[in-house]
Amino acid sequence: MPLIPSRVKYRKQQRGNRAGTATRGNFLAFGTYGLMALERCWMDTRQLEAARVAVTRAMKRHGRVWLRVFPDKPFTKKPLEVRQGTGKGAVESWVAVIRPANIILEVEGVTESQAREAMRLVACKLPIRTKFIARHHAEA
């Protein structure tokens, strides 16, 4: 089941601006370990689903997973061999706008080595470079 919004106000959107770094969603909010984006992209709903499945399988359904990005931007495409000038194409899929420093997903409830291995497998599924990050608790 792909990730898509249940309903949107407008069916088609303009392309927008991907410049700059993430100002929101750029720190660990839920889990102990996370995967941070180092590049910018439009991440497709299929890529996010593949990442979610990979991390769930790698952790053998232990712990907890938070997917921090959601594909809420419609991506349109015209069919092949169609002349220009007949309007905008139909919605092809949904994408999430990813900027550098965005946290893509977080995990908790597994050891650091298990989390590192799971994030390595997830990074192979994604079209951008990523970095493993961990929350270090202050020992009193």
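For the structure, check the block above.
Residues numbered from 1 in each chain as written. Predicted model: local features only at pLDDT ≥ 70, side-chain atom pairs only at ≥ 80, totals over all residues. Heavy atoms only, no water.

Quick notes on the side chain of Thr45
Relative to the helices and strands, Thr45 resides in helix α1 (residues 45-58). Polar side-chain contacts of Thr45 include one of 2.7 Å to the backbone oxygen of Leu3. In contact with Thr45, other than residues within four places in its own chain, are Pro2, Leu3, Pro71 and Trp94. (Helix = DSSP H or I, 4+ residues; strand = E, 2+ residues; numbered from the N terminus. Polar contact = N/O pair within 3.5 Å; in protein donor to acceptor, adjacent residues only side chain to side chain. Contact = heavy atoms within 4.5 Å.)

Topic: the packing of aromatic side chains
Enumeration over the complete set of coordinates arrives at three aromatic pairs. Judged by centre distance (5.7 Å) and plane angle (20°), the rings of Phe30 and Trp66 are stacked. Within this pair, whereas Phe30 is found in the segment before β1 (33-37), its partner Trp66 is found in strand β3 (residues 64-67), the two being separated by 36 residues in sequence. Here Trp66 falls in the buried class, since its relative accessible area comes to 14%. Seen in terms of ring centroids, Trp42 and Phe75 are 5.9 Å apart; in terms of plane orientation they differ by 70°. Their pairing is edge-to-face. Here Phe75 lies in strand β4 (residues 73-77) and Trp42 lies in strand β2 (residues 41-44), a separation of 33 residues in the sequence. The ring of Trp42 carries the charged tip of Arg18 above its face, separated from the ring centre by 5.6 Å. (Phe/Tyr/Trp six-rings, centres within 6.5 Å; stacked < 30°, edge-to-face > 60°. Buried < 20%, exposed > 50% of the residue type's maximum accessible area, 1.4 Å probe, protein only. Lys NZ or Arg CZ within 6 Å of the ring centre and 35° of its normal.)

Brief notes about the sheet that holds strand β5 (residues 90-98)
Taken together, three strands build an open sheet; the order of strands is β2-β5-β4 and the sheet is antiparallel. Of all the strands in the sheet, the pair left with one neighbour each is β2 and β4. The sheet shows a mean angle of 55° between the axes of neighbouring strands, direction not considered. Relative to β5, β4 runs antiparallel, the two sharing five bridges. Opposite Pro74, over in β5, you have Trp94 as the bridge partner. Those strands touched by α1 are β2 and β5, and its axis lies near 65° from that of β2. (Pairing = 2+ DSSP bridges. Axes fitted to C-alpha atoms, helices over the stretch in contact; angles between N-to-C directions.)

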